[in-house]
Structures are given as C-alpha cells and as structure tokens.
Amino acid sequence: VMEVRQGDCEMKTEYAVCYCKGKASPAAVERVKETLRRARPQMLLDSSYFVPWLFPCRVRMASPVGYTERPAVAAAKLCEGKILILVNGSPSAMILPTLFCENFECLDDYAQPAFFASFLRVLKYGAFYLSIFLPGAFVCLAVYLPELMPPQLLFKIEAAERATPLPLFAEMVVVILLLEGLRMPQTLGHSVSLVAAIIIGDAAIATGLMSTPVILIAAVASIAVFVVPSLYEAATIFRLLVLLAAGIAGPVGFVTAALAVLLALTRVSALGVPYCAPLPFPKAGISQDGVTRRTYRTLSAYPFTIWQKRRKAP
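Residues numbered from 1 in each chain as written. Predicted model: local features only at pLDDT ≥ 70, side-chain atom pairs only at ≥ 80, totals over all residues. Heavy atoms only, no water.

Undergrad: Even after reading the chapter, I still don't get the overall build of the protein chain, so can you show me in this structure?
TA: If you tally the helices and strands in the protein chain, you get 10 helices and eight strands. Going through the 314 residues of the protein chain one by one, you find that 44% of them count as buried. Looking at the protein chain as shown, the accessible area adds up to about 17,200 Å², and 66% of this sits on carbon and sulfur atoms. (Helix = DSSP H or I, 4+ residues; strand = E, 2+ residues; numbered from the N terminus. Buried < 20%, exposed > 50% of the residue type's maximum accessible area, 1.4 Å probe, protein only. Areas by Shrake-Rupley, 256 points an atom, 1.4 Å probe, with all protein chains shown as cover.)

Right, dumping it as structure tokens:
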C-alpha cells in the first residue's frame, strides 16, 4: 500500500507485483520490489508511473516495458517468466521485461495457423522499418542520388517539384510535421486524423504548395506506423531523425542515422535482459517463436522461460 500526501490531500493506493515462482528470476523480482518501495510519485493512478524509477534515464528512445488489459495476455507473460505490476483502480498491467520482437506479436497469432501468423509478423516488421526509413530514403535518392532512380519516375518528381515553392527536403519535413500534428488521442482520433490529412493534402496539391510524390511517401510512412501502435512514439522520432540526417548529409547521413537507430535500440535493457535480443530467449540457439512462428508440436517440445536457457523436453 502506497500512501501519498500533498497538502490537505491524502490518498492510499494499492499495488501488487505478480510473478510465477520457478520461472521468474528471484533476483529480478526482489530488485523490482525494492525499487517500488523507494519510489515516491506525487500521484499513483497507473503502473506506468513507476517507469522513471524502474528505468531512470533522461532520454529513452524505447521503453522495455509493455502494457495489456487482457487477462489472457497477462497469464501468458507470467508463464514466460515475466513480472507484472498492477495498480488498484487501473485496468492496465505493466509487463517487464518486454523485448523488441514482442511488439510485433499478439495473442491472436496463436489462434491462427503458423504460416499465416508468420506472414503477418513479417509484414509488421516491414511496415515498421518502412515508416522509419522511407521518407529519408526518398529524399536521399531524389536529391543526392537521382541517377539511381528510374528515369520516368525522376522526370515526374522533377516536374512536380517545379510547381512547388519549397525544395523537396523542406517540403517533406513540413508534410511529416503536418501529418503528426493532425493526430488526436481520442477513440476516433486515427480515423479523423486520416480524413483531415487527406483533405489538407488534396488542398495543398491543388494550390501548388505540395507535390504529389512527397504527399504519397509521407502518407505511406505515417499510415505504416499504425501496424505497430506500441512503437508509435519511437517510430515518429526515428523517422524525423533519419529524414533530417538524409536531407542534410545525404547518403552518409542516412547510413549514420540508420546505425544510430540500431544503437539506440540495442543499448536498452531491462533487468539484465537486452531489449533487442536476437531471439525471444537470449541463450537459445534457434528460436521457434520469433520473427516466424512454428507449429504447436514444435513449440510444445521446447519448454522455456525468458531467464534461462531453453532445453528440449525429454
């Protein structure tokens, strides 16, 4: 029970740390409990309020925690050896540690055939990287390496840019910022934002302020990030950084930004587990449930937890 007092206001909030004995790391559980005892947030309304104490970092490009409101997902994560933090009055449970690859998975994958679930995961990976690198790659090719583009496409881009007052790089930055500024957090926010973006984009093309290729590339990148909503914030920041680097320094800046994105993801860890582990189970040789999903017969032959090496069942 955490008691918070501020002036004449007094509030008592209950929170719980849930884990599965024999699967979760005892050292990690004690570390989480000790951190929560020392945490003193001004107000505790959700488990996410504990993140600054669990992972003290001023700049965090990716958060190694996940959230769920589905009891089945919470139970599945407990069976994998994860730790859950629940706060009284909040329907959301914090899951830690969370791996990068788990953002591309969902509970429905296990209600579908293995080949179709694997196909959807591959599409999600492609959409995530497309949302980050597509605008920067387009600017890099059109401005610095036009000889690598097909002549017909290059002529259309050049003709469209001659009718606009801004250079291609500045135009892409303005369009990306415009699309991000139209997002709304309400339940129908995504639908309203897309409609507003379509109307404004059509008006900008009709008045000659924006070119059609730039609008198309920015729209594809902005819509692709909806495929992985848990990585929306990170993908938005990465997309802007890659675009700025590619527009200012060309191919060198684009490659440097791509390496910086990789470095930012690999430097994140939670409770000793790397966020960007090559496999869902870091010490295993071959993953049966990573980018692709194997059949249940194969999965059931490999009992596992996230903390220990997976051994084949006798």
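So, next bit.
Undergrad: What exactly am I supposed to notice about the sheet that holds strand S3 (residues 15–18) here?
TA: Hydrogen bonds between backbone atoms are what pair the strands of a sheet, whose relative direction is either parallel or antiparallel. Taken in spatial order, the four strands line up as S3-S5-S6-S4 in an open sheet, and their pairing is antiparallel. Across the chains shown, the open sheet's two edge strands, defined by having one partner strand only, are S3 and strand S4 (66–68). Taking the axes of each pair of neighbouring strands and ignoring which way they run, one obtains an average angle of 25° across the sheet. Examined bridge by bridge, S4 and strand S6 (residues 93–96) share three bridges and lie antiparallel to one another. (Pairing = 2+ DSSP bridges. Axes fitted to C-alpha atoms, helices over the stretch in contact; angles between N-to-C directions.)

Undergrad: What am I meant to see in the environment of Val-291 here?
TA: Position of Val-291 relative to the elements: it lies in the loop between strand S8 (273–274) and helix H10 (296–300). The partly exposed category is assigned to Val-291, whose relative accessible area is 41%. Every residue in contact with Val-291, bar those within four places of it in the chain, is listed here: Ser-118, Arg-121, Val-122 and Tyr-125. (Contact = heavy atoms within 4.5 Å.)

Undergrad: Sorry, what's going on with the nonpolar core here?
TA: Residues Phe-100 and Phe-128 are the most contacted members of the largest nonpolar core, which totals 26 residues. Residue assignment for this core shows that the elements contributing at least two residues are helix H4 (114–144) and helix H9 (232–266). The leading source of residues in this core is H9, at 10 residues. If sequence neighbours within four positions are ignored, Phe-100 has contacts with Tyr-125, Phe-128, Tyr-129, Leu-231, Leu-265, Tyr-275 and Cys-276. Within the second largest apolar cluster, 20 residues are counted, among which are Leu-36, Ala-39, Leu-44 and Val-51. (Core = buried A, V, L, I, M, F, W, Y, C linked by side-chain atoms within 4.5 Å.)

Undergrad: Looking at this model, I keep getting lost on the packing of aromatic side chains. Mind explaining?
TA: Any two aromatic rings considered together are summarised by their centre-to-centre distance and by the angle between their planes. Enumeration over the complete set of coordinates arrives at 10 aromatic pairs. Summarising the aromatic geometry, the rings of Phe-116 and Phe-119 are spaced 6.4 Å apart at their centres and angled 35° between planes, so their arrangement reads as tilted. Pair noted here: Phe-116 and Phe-119 are both in helix H4, with a separation of three residues, about one helical turn. The class of Phe-116 is partly exposed, set by a relative accessible area of 34%. Both rings, one in Phe-128 and one in Tyr-129, keep their centres 5.3 Å apart while their planes meet at 70°; by these two values the pair is edge-to-face. Taking the relative accessible area as the measure of exposure, Phe-128 reaches 3% and is therefore buried. (Phe/Tyr/Trp six-rings, centres within 6.5 Å; stacked < 30°, edge-to-face > 60°.)

Undergrad: Just to check I follow, could you spell out the packing of H4 against helix H8 (residues 212–224) for this structure?
TA: Relative placement of two packed helices is described by the angle separating their axes and the distance separating the axes. In contact at an axis separation of 7 Å, H4 and H8 are set at 155° when each is read in the N-to-C sense. One way to sum up the angle between H4 and H8 is to call them roughly antiparallel. Remark: the crossing between H4 and H8 carries left-handed chirality. Where H4 approaches H8, its residues Ala-127, Leu-130, Ser-131, Leu-134, Pro-135 and Phe-138 are matched on the opposing element by Pro-213, Val-214, Ile-217, Val-220, Ala-221 and Ala-224. Tallied by class, residues from the contact of H4 with H8 come to 11 nonpolar, one polar and no charged. (Parallel < 35°, antiparallel > 145°, perpendicular 65-115°, else oblique. Left-handed = near helix turned anticlockwise from the far one by under 90°. Nonpolar A, V, L, I, M, F, W, Y, C, P; charged D, E, K, R; others polar.)

Undergrad: Can you help me understand helix H1 (residues 26–38) in this one?
TA: Given 3.6 residues per helical turn, the α-helix brings residues three or four places apart onto the same face. Spanning 13 residues, H1 covers 19 Å between terminal C-alpha atoms, matching the ideal 18 Å at 1.5 Å per step. Taken as a whole, H1 has its buried residues at Ala-28, Val-29, Val-32, Thr-35 and Leu-36. All buried residues of H1 fall inside an arc of 130° around its axis, so they share one side. Away from its buried face, by an angle of more than 90 degrees, H1 presents the exposed residues Pro-26, Ala-27 and Arg-38. (Expected span 1.5 Å × (residues − 1). Arc of directions from axis to C-beta.)

Undergrad: Explanation requested: unusual backbone geometry in the structure shown.
TA: Most peptide bonds take the trans form, and the phi angle of most residues other than glycine is negative. Geometrically, the link from Leu-96 to Pro-97 is a cis peptide bond, its omega value of -5° lying close to zero. Mapped onto the elements, Pro-97 comes out in the loop between S6 and H4.

Just distances and angles here, no functional claims.
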